[in-house]
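One-letter residues, chain by chain:
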Amino acid sequence: MTSSQTRWDGLANIGSASEEVKARDKDVSDDFDSYSESSSSSSSSEEDEGIVRSYIRSVVYGGFDGTITTFAIVAGSQGSSAGVTAALVIGLATVIADALSQATADYLACYCDLYQHRAQKKEEISCIQDCPSGQFRALMTQYRGKGIASPDAQVMTSIIAQNAEVWADVMAIEKLGKLGEHESPLKSAIVTFIAFIFFGFSSLVPLIIGFFANSTNPWFFYSSVIVSMFMVFILGIMKGYSTGGPVWRSGLETLLVGAVAAAAAYLIGLLFSPLIEK
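Residues numbered from 1 in each chain as written. Predicted model: local features only at pLDDT ≥ 70, side-chain atom pairs only at ≥ 80, totals over all residues. Heavy atoms only, no water.

Caption draft 1: Layout of the overall build of the protein chain. In terms of helices and strands, the protein chain carries twelve helices and zero strands. Secondary structure elements of the protein chain, listed N to C terminal, follow the sequence α-α-α-α-α-α-α-α-α-α-α-α. Considering only residue pairs separated by 6 or more positions, the protein chain has 79% of its internal contacts joining residues 24 or more positions apart. Total accessible area computed for the protein chain in this model is approximately 15,600 Å², and 63% of it derives from carbon and sulfur atoms. (Helix = DSSP H or I, 4+ residues; strand = E, 2+ residues; numbered from the N terminus. Contact = heavy atoms within 4.5 Å. Areas by Shrake-Rupley, 256 points an atom, 1.4 Å probe, with all protein chains shown as cover.)

In structure tokens:
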């Protein structure tokens, strides 16, 4: 263990060709340590915010699909004159079945990303142990390829190479092109499931009220349209917050997409209505 630690400590100076570069590495490292100590609470807060944003992705993913899928059934039933009862039965079955399907898909996607990163990180640790100088040059070359000046790339790599775990993690992220372990696959799947159920069910609420009121008033369908589009708009705002873009613009863009999907479902139902009437 002592020899391995000594090996990691020596990696910070790999590739330093002169005393001037060594001194620069030390100055930057000291500044980096000082900054890290003074901003540890801020980093923790940013990490928590990143986790929240990752779960918002699951909310938007499940919620949008739930809203549009369910309302498409409502709109298609209305266009084809299939009746409120048919729309409710198919809609409720779709909400539950598709929620399970989407949650499973989200779980598998997150699971694959998580273990792909872990496998790549394990491979990078092995490479660092076998040839640390080669891995040092590889990371420095990647930074230079991003347009970073050679001295700065060397300093950055020297700081990262002081910790083998961090080094391997950075190498894995650079090679895979995406971040590593940030969300639990199970939690993400649960969030997707709940979002799908909540937002998908919202489209059916006006129809359920109309069903129990034994009313065929078209305003129950219009209410379903309003509720669905409002939910889509809210999801668009959440998407804008998650991506850091303009929230209102994101909301309107998502609303437009939802409106087009709903209109398409209605027109398809209207097109095939003669078959149902027979």
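So, next bit.
Caption draft 2: Geometry of the pattern of salt bridges. Here the structure, examined in full by the defined rule, presents three salt bridges. Taking the shortest distance from any N to any O, the salt bridge between Asp106 and Arg57 comes out at 3.1 Å. Of this pair, Asp106 sits in helix H4 (residues 84-130) while Arg57 sits in helix H3 (residues 40-80), and the two are 49 residues apart along the sequence. Residue Asp106 is classed as buried on the basis of its relative accessible area, which comes to 2%. (Salt bridge = Lys/Arg side-chain N within 4 Å of Asp/Glu carboxyl O. Buried < 20%, exposed > 50% of the residue type's maximum accessible area, 1.4 Å probe, protein only.)

Caption draft 3: Representation of the side chain of Ser228. Along the chain, Ser228 falls in helix H10 (residues 219-243). One polar contact links Ser228 to Ser203, side chain to side chain, over a distance of 2.7 Å. The contact partners of Ser228, leaving out residues within four places of it in the chain, are Thr67, Phe71 and Ser203. (Polar contact = N/O pair within 3.5 Å; in protein donor to acceptor, adjacent residues only side chain to side chain.)

Caption draft 4: Representation of the packing of helix H5 (residues 132-145) against helix H7 (residues 164-176). At a minimum axis separation of 11 Å, H5 and H7 run at an interaxial angle of 50 degrees. Taken as axis vectors, H5 and H7 run oblique relative to one another. Considering the relative orientation of H5 and H7, their crossing is left-handed. Here H5 contributes Pro132, Gln135, Phe136, Ala138, Leu139, Gln142 and Tyr143 to the contact with H7, which in turn contributes Trp167, Val170, Met171, Glu174 and Lys175. A per-class count over the contact of H5 with H7 returns eight nonpolar, two polar and two charged. (Axes fitted to C-alpha atoms, helices over the stretch in contact; angles between N-to-C directions. Parallel < 35°, antiparallel > 145°, perpendicular 65-115°, else oblique. Left-handed = near helix turned anticlockwise from the far one by under 90°. Nonpolar A, V, L, I, M, F, W, Y, C, P; charged D, E, K, R; others polar.)

Caption draft 5: Region of the structure containing the nonpolar core. Phe71, Val74, Leu88, Leu204 and Leu207 are the most contacted members of the largest nonpolar core, which has 13 residues in total. Every residue in contact with Leu204, bar those within four places of it in the chain, is listed here: Thr70, Val74, Ala87, Leu88, Gly91, Leu92 and Val95. Judged by nonpolar contacts, the second largest core, of twelve residues, contains Leu139, Met140, Val170 and Met171. (Core = buried A, V, L, I, M, F, W, Y, C linked by side-chain atoms within 4.5 Å.)

Caption draft 6: Up close: the packing of aromatic side chains. Applying the stated rule across the entire model yields nine aromatic pairs. For the ring pair Tyr107 and Tyr111, a centre distance of 6.0 Å and an interplane angle of 25 degrees mean the geometry is stacked. You can see Tyr107 and its partner Tyr111 sitting in helix H4, four residues apart, about one turn around the helix. Looking at Tyr107, the relative accessible area reads 32%, which means it is partly exposed. Take Tyr111: its relative accessible area is 36%, and that puts it in the partly exposed class. (Phe/Tyr/Trp six-rings, centres within 6.5 Å; stacked < 30°, edge-to-face > 60°.)

Caption draft 7: Main features of the confidence of the model for the protein chain. Summing up the model confidence of the protein chain, the mean pLDDT is 77 and the portion of residues at 70 or higher is 75%. When pLDDT is averaged over each helix and strand of the protein chain, the minimum, 46, is found for helix H1 (residues 2-10) and the maximum, 91, for helix H8 (residues 185-202). Per-residue pLDDT stays below 50 along residues 1-22; that stretch engages in 25 contacts with residues further than four places along the chain or on separate chains. Here residues 34-43 is a poorly scored stretch, pLDDT under 50, and it has zero contacts once near neighbours within four places are set aside; other chains count. (pLDDT = per-residue confidence, 0-100.)

Caption draft 8: Molecular detail of the environment of Asp106. It is 8.8 Å that separates the C-alpha atoms of Asp106 and Leu186, two residues lying 80 residues apart in sequence. The residues touching Asp106, leaving out its near neighbours within four places in the chain, are Arg57, Ser58, Tyr61, Ser188, Ala189 and Thr192. Here Ser58 takes part through its side chain, which lies 3.1 Å from a polar atom of the side chain of Asp106.

Caption draft 9: Seen up close, a nonpolar patch on the surface. On the surface, a nonpolar cluster with roughly 660 Å² of combined accessible area is contributed by Tyr107, Leu108, Tyr111, Tyr115, Leu186, Ile190 and Ile194. Listing elements by their share of the nonpolar patch, those giving two or more residues are H4 and H8. Within the secondary structure layout, Leu108 lies in helix H4. We classify Leu108 as partly exposed; its relative accessible area is 46%. (Patch = residues over 30% accessible without salt bridge, like charges linked within 9 Å, V, L, I, M, F, W, Y side chains within 5 Å.)

Caption draft 10: Highlighting H8. Taking 1.5 Å of rise per residue, 18 residues should cover 26 Å, and H8 covers 26 Å from first to last C-alpha, within 8% of that figure. Taken residue by residue, H8 has Pro185, Ser188, Ala189, Thr192, Ala195, Phe196, Phe199, Gly200 and Ser202 as its buried positions. The arc that holds every buried residue of H8, seen down its axis, measures 165 degrees, which confines them to one face. Those residues of H8 that are exposed and aimed more than 90 degrees away from the buried face are Leu186, Lys187, Ile194 and Phe198. (Expected span 1.5 Å × (residues − 1). Arc of directions from axis to C-beta.)

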